[in-house]
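One letter stands for each residue in the lines below.
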Amino acid sequence: MKIYLNGDLVDKEMAMVSVFDHGLLYGDGVFEGIRLYDGCVFKLDEHLERLEYSAKAILLELPMSRQQFADAVCETCRENKLSNGYVRLVVTRGVGHLGLTPDGCGPPSVIIIADEIQLYPEELYEKGLKIISVPTRRINASALPPAVKSLNYLNNILAKIEAKKVGFQEALMLNDKGEIAECTGDNVFVLSKGVLYTPPLDAGSLRGITRGAVMDIAVELGIPCREQALTRYDLWTAEECFLTGTAAEVIPCVEVDHRKVGSGEPGQTTRDFIAKFRKNVREDGMKL
Ligand code: PMP
């Protein structure tokens with residue numbers, strides 16, 4: 001496997017960054033997770049735009065243009081003869097001193113890893129996922145805007161650990177008002193009386209690219225979709241629920257906090273969204 005590292009494609013074993021890189025020392029950096037379907041990179045421009053916004057928000061000057069990033073992503077996939085997979089694009093603050101300050105750090109390190117991915121078994125897309133709300137809250141937007149996809153995932157990691165320790169694969173994270181924010185790596189949607197709801201970004205959700213794709217599908221399917229603050233009660237009493245994310249795609253959620261969602265089986269609307277999403281990802285996207 002070849003890894004893109006600062007302009008070169010190097011063997012996996014040789015792809016190394018310094019222990020003084022602030023991405024490692026402080027989680028000081030930004031990243032994107034991108035999917036490749038049948039030789040097409042899905043929503044590459046949207047991912048690169050989000051990377052630019054994340055970098056701008058943390059005052060990290062990206063060392064490459066959007067076109068250069070796009071070319072590097074495609075080149076890394078081609079070099080690895082990948083036509084279906086997952087691309088992890090990471091930009092760190094770069095090598096610096098031990099102190100927190102980014103002064104004197106750099107240039108930023110650019111890492112692109114293109115590999116295969118299978119987050120959940122196909123069976124879970126048929127049967128649905130069971131999730132549980134956990135004590136660890138999503139970071140307050142005034143501490144770190146949730147729209148910034150930074151290398152700091154510790155609170156999501158803690159939430160994931162809490163869910164796993166009690167036998168669940170995914171955690172439902174709340175904000176400090178007790179509203180639904182998102183899952184550890186996925187956005188949340190519920191269907192109630194024919195209307196699709198998802199938490200607004202200021203509730204602590206990432207502006208998910210899959211979330212956006214699902215909102216577009218809602219328009220295509222003629223299903224009203226609203227961004228609205230949601231509580232756990234809204235999930236417990238919803239007719240259907242599903243999660244969205246680049247790695248998970250659209251996955252049904254059939255149990256929240258030991259309460260069945262609807263009948264306890266993936267609903268028809270969720271199935272329609274999964275089918276449409278799977279069709280769209282193979283039709284849209286940038287050819288390698
Ligand atoms: N929320 C978080 C915290 C995430 O890390 C992700 C990405 N895995 C998502 C939501 C979903 O975003 P996207 O659809 O862009 O992958």
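Here we summarise the structure given alongside this text. (Residues numbered from 1 in each chain as written. Predicted model: local features only at pLDDT ≥ 70, side-chain atom pairs only at ≥ 80, totals over all residues. Heavy atoms only, no water.)

Observations concerning the packing of helix α6 (residues 209-221) against helix α8 (residues 268-283)
Put simply, α6 and α8 touch, their axes get as near as 10 Å, and they point 110 degrees apart. By the angle class used here, α6 and α8 are roughly perpendicular. Along the contact surface, α6 presents Thr210, Ala213, Val214, Ile217, Ala218, Glu220 and Leu221, while α8 presents Asp272, Phe273, Lys276, Phe277 and Asn280. Residue classes in the contact of α6 with α8 are distributed as seven nonpolar, two polar and three charged. (Axes fitted to C-alpha atoms, helices over the stretch in contact; angles between N-to-C directions. Helix = DSSP H or I, 4+ residues; strand = E, 2+ residues; numbered from the N terminus. Parallel < 35°, antiparallel > 145°, perpendicular 65-115°, else oblique. Contact = heavy atoms within 4.5 Å. Nonpolar A, V, L, I, M, F, W, Y, C, P; charged D, E, K, R; others polar.)

Here we look at helix α5 (residues 154-165)
Between its first and last C-alpha, α5 extends 16 Å over twelve residues, near the 16 Å set by a 1.5 Å rise per residue. Tucked inside the fold, the buried residues of α5 contact β7 (129-133), β8 (170-174) and β9 (180-183). Of the residues trailing α5, Gly167 is marked for its positive phi of about 90 degrees. (Expected span 1.5 Å × (residues − 1).)

A word on the environment of Leu82
Among the structural elements, Leu82 can be located in the loop between α3 (66-79) and β5 (85-92). Leu82 sits 58 residues away from Leu24 along the chain, and the two C-alpha atoms are 28 Å apart.

A short note on the site of the ligand
As a matter of local geometry, the ligand sits amid 16 residues, with Tyr153, Glu182, Ile209, Thr210 and Thr246 nearest to it. One of the backbone nitrogen or oxygen atoms of Gly185 is found 2.9 Å away from a nitrogen atom of the ligand. Within the side chain of Thr246, a nitrogen or oxygen atom sits 2.6 Å from an oxygen atom of the ligand. Calculation on the ligand without its partners gives an accessible area of 390 Å², and the protein chains cover 93% of this total. (Near = heavy atom within 4 Å. Polar contact = N/O pair within 3.5 Å; in protein donor to acceptor, adjacent residues only side chain to side chain. Areas by Shrake-Rupley, 256 points an atom, 1.4 Å probe, with all protein chains shown as cover.)

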